[in-house]
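Below are the chains, spelled out letter by letter.
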Amino acid sequence: MLATGAALIDTPGLREIQLWAGESSVAAVFDDIAEFAVRCRFADCSHATEPGCAVRDAVDPARLTSFHKLTREAVRHTDPRPEKTRWRAIHKAQRQFYKLRGH
Ligand SMILES: [Zn+2]
């Protein structure tokens, strides 16, 4: 316990902190990306290389990179299937999220 009332916790053996949140949590954090995604030319746009991507035009590239990275992380952690199959799951999760938001 520190003087300030905070607790300093040492975790020997903990080598990495993995992302445990699911894909929907990632999408929820990147609200702005969902906003622009409705203007993408393709409904299943992954905002990576597709032409007519409204997200790539509007969102800061660094932020978009984080979005891709976190989405990948989240799916990798919750989905044991091979990379190619997981990508499909990523895009599906993104589409479901946009649908949930009513777009
Ligand atoms: Zn896009």
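Read on for a plain summary of the structure.

With respect to the pattern of salt bridges
Phase 1: Going through the model one piece at a time under the given rule, you end up with one salt bridge.
Phase 2: For R63, the salt bridge goes to D32, with nearest N and O atoms at 2.7 Å. You can see R63 sitting in helix α4 (residues 61-78) and its partner D32 sitting in helix α2 (residues 31-37), a full 31 residues away along the chain.

Topic: the coordination of the zinc ion
Phase 1: The protein atoms that coordinate the zinc ion are C40 (SG), C45 (SG), H47 (ND1) and C53 (SG), at distances spanning 2.1 to 2.3 Å.
Phase 2: Because the angles between the four donor atoms bound to the zinc ion fall within 106 to 114°, the donor set is best described as tetrahedral.

Some thoughts on the nonpolar core
Phase 1: One finds I33, C40, V55, L64 and Y98 to be the most contacted residues of the largest nonpolar core, which totals 17 residues.
Phase 2: Put simply, the parts of the chain that give this core at least two residues each are α1 (23-29), α2, α3 (54-58), α4 and α5 (83-100).

Description of the environment of A89
Phase 1: The topology assignment puts A89 in helix α5.
Phase 2: As for A89 and R72, which are separated by 17 residues in sequence, their C-alpha atoms are 9.7 Å apart.

Things to note about the environment of R76
Phase 1: Turning to its location among the elements, R76 is positioned in helix α4.
Phase 2: In the structure, R76 is positioned 14 residues away from I90 in sequence and 9.5 Å away in space, judged by C-alpha atoms.

About the cut-offs
- Residues numbered from 1 in each chain as written.
- Predicted model: local features only at pLDDT ≥ 70, side-chain atom pairs only at ≥ 80, totals over all residues.
- Heavy atoms only, no water.
- Salt bridge = Lys/Arg side-chain N within 4 Å of Asp/Glu carboxyl O.
- Helix = DSSP H or I, 4+ residues; strand = E, 2+ residues; numbered from the N terminus.
- Donors = N, O, S within 2.8 Å, 3.2 Å for Na, K, Ca; no water.
- Tetrahedral: all angles 85-135°; square planar, octahedral: opposite > 155°, others 65-115°.
- Core = buried A, V, L, I, M, F, W, Y, C linked by side-chain atoms within 4.5 Å.
- Buried < 20%, exposed > 50% of the residue type's maximum accessible area, 1.4 Å probe, protein only.

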